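Residue strings, one per chain:
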Amino acid sequence: METHICVTCGTQFPPREGVPERCPICEDERQYVGLEGQQWIALGELRATHRNVIYEEGDKLWGIRTEPKFAIGQRALFVETPKGGFLWDCVSLLDADTVSRVQGLGGLTGIAISHPHYYTSMVEWSRALGGVPIYLHEADRQWVQRIDSSIVFWSGETKRVSDDLTLIRVGGHFHGFQVLHWAAGEHGRGVLMTGDMPQVCPDRRWVSFMYSYPNFVPLNAATVRDVVRKLEPYSFSKLHGAWPKFAVQGDPKEALRRSAQRYLRALGDLEPIHSDGMAVRDV
Ligand SMILES: [Zn+2]
Ligand SMILES: [Zn+2]
């Protein structure tokens, strides 16, 4: 039996006879079903028509993107640490060439994915690379379409997954939305990988915050303040979004504050964000 992948969001479903009936990820208001209705592709077919490209995103940080663009179009990141590689976010395509290249970079010790839009073929990746754990926040458990024993649901606000890698639950776009902080990245100055919460804007100098990106539904002010407050304790000199080469230019912590302020102003919330605790309101 084959596994099928939703062509709009890239989610892989469990093996079955024929195609699945529907994609709950796309039926949710944070995604969409295209004009032509629900469409599927078998993993074998995706392997025949697409390939992955591995390229440098930063110091000891590799991007993995699919060509031609498939589904949402995010890239995964391979974090090279002394104890082995860690995969942040994921892409639908996994083939023999990608497996051997990832093994050549040191293999994987674990996988973590920001939110359900990038769960894609995570179970396929884990199985092909030693059955490594996939860390997801338990608040998003309902969105997992292919349940597997490799998935580790964690609870609470932070989880350390290795000596210098920490998951931080920021919420917002999804209740269990998590970002990855790499303390040793950028020669010890720190790296933050956010997926799309916050999302890096095309000019690379600003970030933004949405509940639904395809349907243009914003987040409320209290949630945006909460995201900023949760990231304040961490040091980072680089912030990577979801697309290839979408990293904030200049000081990303300053960009985060400035962007949150701009966003709040658009909502009519004029109270300043302070660096000493961010003038937080209760959410
Ligand atoms: Zn879908
Ligand atoms: Zn998303």
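To start, this report covers the structure provided alongside it. (Residues numbered from 1 in each chain as written. Chains lettered and ligands numbered in written order. Predicted model: local features only at pLDDT ≥ 70, side-chain atom pairs only at ≥ 80, totals over all residues. Heavy atoms only, no water.)

Describing the overall build of the protein chain
Note the threshold: Helix and strand assignments come from DSSP, with helices taken as H or I runs of at least 4 residues and strands as E runs of at least 2, each series counted from the N terminus. Two things to know: the radius of gyration comes from C-alpha atoms, and the globule rule equals 2.2 Å times the number of residues to the power 0.38. Every residue pair with non-hydrogen atoms within 4.5 Å of one another is taken to be in contact. For every accessible area listed, the method is Shrake-Rupley and the probe measures 1.4 Å; residues are considered covered only by the protein chains on display. Under this rule, positive means Lys or Arg and negative means Asp or Glu; His and the chain ends count for nothing. Just so you know, the charge point we use is NZ for Lys, CZ for Arg, CG for Asp and CD for Glu.
What the protein chain contains, in helices and strands, is seven helices and 18 strands. Against the compact-globule benchmark of 19 Å for 283 residues, the protein chain has a radius of gyration of 18 Å, which places it among compact chains. Projected onto the principal axes, the alpha-carbon positions of the protein chain cover approximately 55 × 45 × 35 Å. Counting contacts in the protein chain only where the partners sit at least 6 residues apart, residues at least 24 apart contribute 55% of the total. Summing over all exposed atoms, the protein chain offers an accessible surface of approximately 11,900 Å²; the carbon and sulfur share of this is 50%. Once the 31 positive and 34 negative side-chain charges of the protein chain are each reduced to a mean point, those two points are 4 Å apart.

Focus on the coordination of the zinc ion (ligand 2)
The following threshold applies: Water is not part of the atom set, so a site may look incomplete; the donors themselves are N, O and S atoms within 2.8 Å of the metal, or 3.2 Å for Na, K and Ca. Geometry is assigned from the angles between donors: four donors with all angles from 85 to 135 degrees make a tetrahedral site, four or six donors whose opposite pairs exceed 155 degrees while the rest stay between 65 and 115 make square planar or octahedral sites respectively, and everything else is labelled irregular. In this scheme, a residue with accessible area under 20% of its type's maximum is buried, one over 50% is exposed, and one in between is partly exposed, where area comes from a 1.4 Å probe on protein chains only.
The coordination sphere of the zinc ion (ligand 2), as far as protein atoms go, consists of His115 (NE2), His117 (ND1), His173 (NE2) and Asp196 (OD), spread over 2.1 to 2.6 Å. Its four donor atoms give the zinc ion (ligand 2) angles of 93 to 157° at the centre, a pattern that matches the irregular case. Spacing between the donor residues of the zinc ion (ligand 2) along the chain follows H-x1-H-x55-H-x22-D. One end of the pair, His117, is in the loop between β7 (108-112) and α4 (122-128); the other, Asp196, is in the loop between β13 (191-193) and β14 (199-200), and 79 residues separate them in sequence. Across the pair, Asp196 and His117 agree in class, each one buried.

Quick word on the coordination of the zinc ion (ligand 1)
By definition of the ideal shapes, a tetrahedral metal site with four donors has angles of 109.5 degrees and an octahedral site with six donors has angles of 90 or 180 degrees. Within the protein, the zinc ion (ligand 1) binds to Cys6 (SG), Cys9 (SG), Cys23 (SG) and Cys26 (SG); these donor distances fall in the range 2.3 Å. In this structure, the zinc ion (ligand 1) is coordinated by four donor atoms arranged in tetrahedral fashion, with angles at the metal of 101 to 119°. Spacing between the donor residues of the zinc ion (ligand 1) along their common chain follows C-x2-C-x13-C-x2-C. Of this pair, Cys6 sits in strand β1 (residues 4-6) while Cys26 sits in helix α1 (residues 24-27); the two residues are 20 residues apart in sequence, bridging distant segments of the chain. For the pair Cys6 and Cys26, a shared accessibility class is recorded, and that class is buried.

Some details on the side chain of Thr98
Secondary-structure assignment places Thr98 in helix α3 (residues 96-104). Residue Thr98 is classed as buried on the basis of its relative accessible area, which comes to 2%.

A closer look at the packing of aromatic side chains
Formally: Two rings from Phe, Tyr or Trp (for Trp, the six-membered ring) form a pair when their centres sit within 6.5 Å of each other. Planes less than 30 degrees apart are called stacked, planes more than 60 degrees apart edge-to-face, and all others tilted. Ring-over charges, as used throughout, are those where CZ of Arg or NZ of Lys falls within 6 Å of the ring centre and within 35 degrees of the ring normal.
Under the definition given, this model contains four aromatic pairs. Between Phe86 and Tyr135, the aromatic rings sit 6.4 Å apart at their centres with planes inclined by 20°, giving stacked as the arrangement. Note that Phe86 is positioned in strand β6 (residues 84-88) and Tyr135 in strand β8 (residues 134-137), a separation of 49 residues in sequence. What makes Phe86 buried here is its relative accessible area of 1%. In this structure Tyr135 comes out as buried when scored by relative accessible area, which is 14%. Relative to Tyr263, the ring of Phe209 has its centre 5.6 Å away and its plane inclined at 80°; by these criteria the two rings are edge-to-face. Here Phe209, found in the loop between β15 (207-208) and β16 (210-212), pairs with Tyr263, found in helix α7 (residues 252-266); they are 54 residues apart in sequence, far enough to count as distant. Considered together, Phe209 and Tyr263 belong to a single accessibility category, that of buried residues. Directly above the aromatic system of Phe246 lies the positively charged group of Arg204, at a separation of 3.6 Å from the ring centroid. Taking the ring centre of Trp206 as reference, the NZ or CZ of Arg258 above it sits at 4.5 Å.

Side note on the pairing of β6
Counted only if it meets this: For two strands to be treated as a pair, DSSP must find no fewer than two bridges joining them. When the strands point away from the viewer, a crossover counts as right-handed if the route from the first strand across the helix to the second turns clockwise.
Counting buried positions over the five residues of β6 gives five, a clear majority of the element. Linking strand β5 (residues 76-81) back to β6 in an antiparallel pair, the connection comprises two residues. With four bridges joining them, β6 and β7 adopt parallel strand pairing. By the bridge assignment for β7, Trp88 is matched with Ala112. Between the parallel elements β6 and β7, the chain passes through α3 in a crossover that is right-handed.

Points about the sheet that holds β6
In a beta sheet, neighbouring strands pair by backbone hydrogen bonds and run either parallel or antiparallel. What counts is decided by this rule: To define axes, lines are fitted to C-alpha atoms, for helices over the stretch in contact only, and angles between the resulting N-to-C directions are given on a 0 to 180 degree scale.
What the seven strands build is an open sheet, ordered β3-β4-β5-β6-β7-β8-β9; its pairing is mixed. The open sheet has two free edges, formed respectively by β3 (51-58) and β9 (151-154), since each of these has just one partner strand. Taking the axes of each pair of neighbouring strands and ignoring which way they run, one obtains an average angle of 25° across the sheet.

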